[in-house]
Amino acid sequence: MARNGATAAPLLPSAAVVMPEDTMRRRNMFPFVCATLASMTTILVGYNLALMSGAQLFIQEDLGLSGVQVEVLTGSMNLFMLVSILAAGWVADMVGRRGTLLLANAFLMAGAIAMSAGGSYAALMAARSITSIGVGFARVVAPVYNAEISPASTRGVLSSLLDMFVNVGILLSYLSNYIFAGLPVHLGWRVMFAAGALPPAFLAAGVLAMPESPRWLVMRGRHGEAHTVLVRTSDTPAEADLRLEEMISLAATQADCGGVWKEMLVRPTKSVRRVLVCVLGLHFFQQAAGNEAIVLYSPLVFEKAGMASTGATVTVGVVKTCFILVATLLSDRVGRRRLLLASTAGVAAALAAVALTLCVDAASPAACVASVLAFVAAFSVGFGPVVPTYTSEIMPLQLRAQGTSLGLAVNRVTCALVTMTFISLADAITMPGCFFLYAGVAAIACTFVYVQLPETSGRSLEDMDVLFAK
């Protein structure tokens, strides 16, 4: 951090990377196919996380749950996820990125079936814990796989696919709420969850069709297989050879390192400490700014504004998905840091606008909806999709899987605190007070990005690994 007018030394050199003319002219589509297949698992992540926004009302009426039980059930997955998130890095290093994604789909299918068959509060909590294992594995491993399979020229676009598919899942959950809301109370919410049981089988078949991560293959000493994958996923054969040489060199250098968790948390180097500040800070602020409060409790927000929630909630899902596409197009062209700065500033302004529309009697319900949509757009164009991309890029190779796990653990704990306290906090300081609080957090996040974060766009992961290994 800068002190006394001095500028903090950047984590990465500021010189621009000039791509070869042939690379600029030709794009290899195979990495896009691989990243798409890996990212599609996260459709079910978004579906399961957001489905409770509409299903909770039917569950409460059908099973006679209290308001506190509904609040805990809604946010509990974020706490249950901690175990799988922290274990995902180890599992991904043991069985591979592809094998871990297969496990994720298996748990997602089992959780959906258990949730639809649940007949009590305890059974639903157990079902959420099963689902959380699949969600945690997918959230950790999919961004790691996408970052490792992608060439530097398109890594931003391919990594952004992850959040786009999460938001497709959120949109599908809102549509599911809308379509099945007319069914009998005891049946509607069960059909909503049962609808998520079949897709994992097809997604697992897609995972089997994609290659293993070349970095994992190098870590396992399978250099020939790694080279085959790199030839298929690089823009040029020369780039494939160079990436393989750098991976082998890094693997040899890092083979003598101590345990990963010890290197990160017990005896981190100065550069690792700075990287952890960036990674953990981004994940904390992403959730502390109240995104999940909008995703899960938008029906309550619209009800507070005096508007029917169903159609407006579906609109929220559509806007989120559309602006993720915008972020995908801009990530490599504009740069991660600029998108994060613009996004966090927009989130702060939009949250303040939401609070004002809720506390000013003269404000119309349409103004509240417009403010919520502005928040969703600002969040989805940067703060949502760029954070997993950035944190996967900046972590050194030997720390990447476990470092991603640690960042997501902070992300999910923060998310759990927001989702499991929103109703109680709104009762204590009013709903407008909640959104003024979230706006303040977003403003601090904008300052954090400006002071702490370097730009990573256009640089190879190997370049960053070499820099942090010094």
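Criteria and cut-off values
Residues numbered from 1 in each chain as written. Predicted model: local features only at pLDDT ≥ 70, side-chain atom pairs only at ≥ 80, totals over all residues. Heavy atoms only, no water. Helix = DSSP H or I, 4+ residues; strand = E, 2+ residues; numbered from the N terminus. Buried < 20%, exposed > 50% of the residue type's maximum accessible area, 1.4 Å probe, protein only. Contact = heavy atoms within 4.5 Å. Areas by Shrake-Rupley, 256 points an atom, 1.4 Å probe, with all protein chains shown as cover. Axes fitted to C-alpha atoms, helices over the stretch in contact; angles between N-to-C directions. Parallel < 35°, antiparallel > 145°, perpendicular 65-115°, else oblique. Left-handed = near helix turned anticlockwise from the far one by under 90°. Nonpolar A, V, L, I, M, F, W, Y, C, P; charged D, E, K, R; others polar. pLDDT = per-residue confidence, 0-100. Core = buried A, V, L, I, M, F, W, Y, C linked by side-chain atoms within 4.5 Å. Salt bridge = Lys/Arg side-chain N within 4 Å of Asp/Glu carboxyl O. 1 Å grid on protein atoms, 1.4 Å probe; cavity = no way out; pocket = protein on both sides within 12 Å on 5 of 7 lines; lining within 4 Å. Points joined across faces, edges and corners; volume = space filled by probe spheres on them. Phe/Tyr/Trp six-rings, centres within 6.5 Å; stacked < 30°, edge-to-face > 60°. Lys NZ or Arg CZ within 6 Å of the ring centre and 35° of its normal. Expected span 1.5 Å × (residues − 1).

## As for the overall build of the chain
Step number 1: Tallying secondary structure elements over the chain gives 24 helices and 0 strands in all.
Step number 2: Among the 470 residues that make up the chain, the fraction classed as buried is 57%.
Step number 3: In the chain, once contacts between residues fewer than 6 apart in sequence are set aside, the share between residues at least 24 apart is 86%.
Step number 4: Here the chain has roughly 17,800 Å² of accessible surface; of this, 68% comes from carbon and sulfur atoms.

## Here's the deal with the packing of helix α15 (residues 270-288) against helix α20 (residues 386-394)
Step number 1: One way to put it is that α15 packs onto α20 with a least axis distance of 10 Å and a crossing angle of 165°. Taken together, the axis directions place α15 and α20 in an arrangement best described as roughly antiparallel. Like other packed secondary-structure pairs, α15 and α20 cross with a definite hand, here left-handed. When α15 is examined against α20, the residues V275, V279, L282, H283 and Q286 are found in contact with a partner set consisting of V387, P388, Y390, T391 and I394.
Step number 2: Within the contact of α15 with α20, the residues separate by chemical class into 7 nonpolar, 3 polar and no charged.

## A short note on the confidence of the model for the chain
Step number 1: Looking at the chain, pLDDT values average 82 and 87% of them are 70 or higher.
Step number 2: Per-element confidence in the chain is highest for helix α23 (residues 431-452), whose mean pLDDT is 94, and lowest for helix α1 (residues 21-25), whose mean pLDDT is 43.

## Regarding the nonpolar core
Step number 1: Counting residues in each nonpolar core, the largest one holds 67 residues, and the members touching the most others are V372 and F435.
Step number 2: Residue contacts for F435: discarding those within four places in its chain leaves I294, V301, L351, V354, A355, L358 and F422.
Step number 3: Listed in part, the 37 residues of the second largest apolar core include L44, A88, L162 and L408.

## Some remarks on the pattern of salt bridges
Step number 1: All told, the structure shown has 4 salt bridges when counted by the stated rule.
Step number 2: Put simply, D62 and R190 hold a salt bridge, and the shortest N to O gap is 3.9 Å. Residue D62 is found in helix α4 (residues 52-63), and its partner R190 is found in helix α9 (residues 185-194); the two are separated by 128 residues along the sequence.
Step number 3: On the basis of relative accessible area, D62 is assigned to the partly exposed category, the value being 26%.
Step number 4: Linking D93 and R97 is a salt bridge whose minimum nitrogen-to-oxygen distance equals 2.8 Å. Each member of the pair, D93 as well as R97, carries the same accessibility label: buried.
Step number 5: One network of salt bridges, in which partners are shared, links D93, R97 and E148.

## Describing empty space enclosed by the protein
Step number 1: Under the definition given, this model contains 1 cavity of 30 Å³ or more.
Step number 2: Roughly 290 Å³ of internal volume is contained in the largest cavity.
Step number 3: In this structure, the largest cavity is lined by 27 residues; those nearest its centre are R139, D163, V166, Q286 and R412.
Step number 4: For the lining of the largest cavity, the secondary-structure elements that each account for two or more residues are α3 (42-50), α7 (121-149), α8 (155-180), α15, α16 (291-304), α20 and α21 (400-419).
Step number 5: Among the elements that make up the lining of the largest cavity, the one with the highest residue count is α8 (5 residues).
Step number 6: Partitioning the lining of the largest cavity into residue classes produces 11 nonpolar, 11 polar and 5 charged.

## A word on the packing of aromatic side chains
Step number 1: For the coordinates displayed, the defined rule picks out 9 aromatic pairs.
Step number 2: These aromatic residues form a ring-pair network of at least three members: Y297, F422, F435 and Y438.
Step number 3: Directly above the aromatic system of F30 lies the positively charged group of R232, at a separation of 4.0 Å from the ring centroid.

## Comments concerning unusual backbone geometry
The phi angle of most residues is negative, glycine excepted, and most peptide bonds adopt the trans form.
Step number 1: Despite not being glycine, T430 shows a phi value in the positive range, around 75°.
Step number 2: Positionally, T430 belongs in the loop between α22 (422-429) and α23.

## Some remarks on the packing of α16 against α23
Step number 1: One can describe the packing of α16 onto α23 by two numbers: an axis separation of 12 Å at closest approach and a directional angle of 140°. In terms of axis orientation, α16 runs oblique to α23. In terms of crossing hand, the pair formed by α16 and α23 is left-handed. Contact residues: A293, I294, L300, V301 and K304 in α16; M431, F435 and Y438 in α23.
Step number 2: Among the residues making up the contact of α16 with α23, the classes are represented as 7 nonpolar, no polar and 1 charged.

## Re the side chain of N411
Step number 1: Structurally, N411 can be placed in helix α21.
Step number 2: Apart from residues lying up to four places away in sequence, N411 is in contact with H283, Q286 and Q287.

## With respect to α21
Along an α-helix, a turn takes 3.6 residues, which lines up residues three or four apart on a common side.
Step number 1: End to end, α21 covers 28 Å across 20 residues, agreeing with the expected 28 Å (1.5 Å per residue, within 8%).
Step number 2: The buried count for α21 comes to 17 of 20 residues, which makes it a mostly enclosed element.

## Details of the environment of G290
Step number 1: Along the polypeptide, G290 turns up in the loop between α15 and α16.
Step number 2: Considered as a pair, G290 and L351 are 61 residues apart in the sequence and their alpha carbons are 8.8 Å apart.
Step number 3: Discounting residues that sit within four places of it in the chain, G290 has contacts with F375, V418 and Y438.

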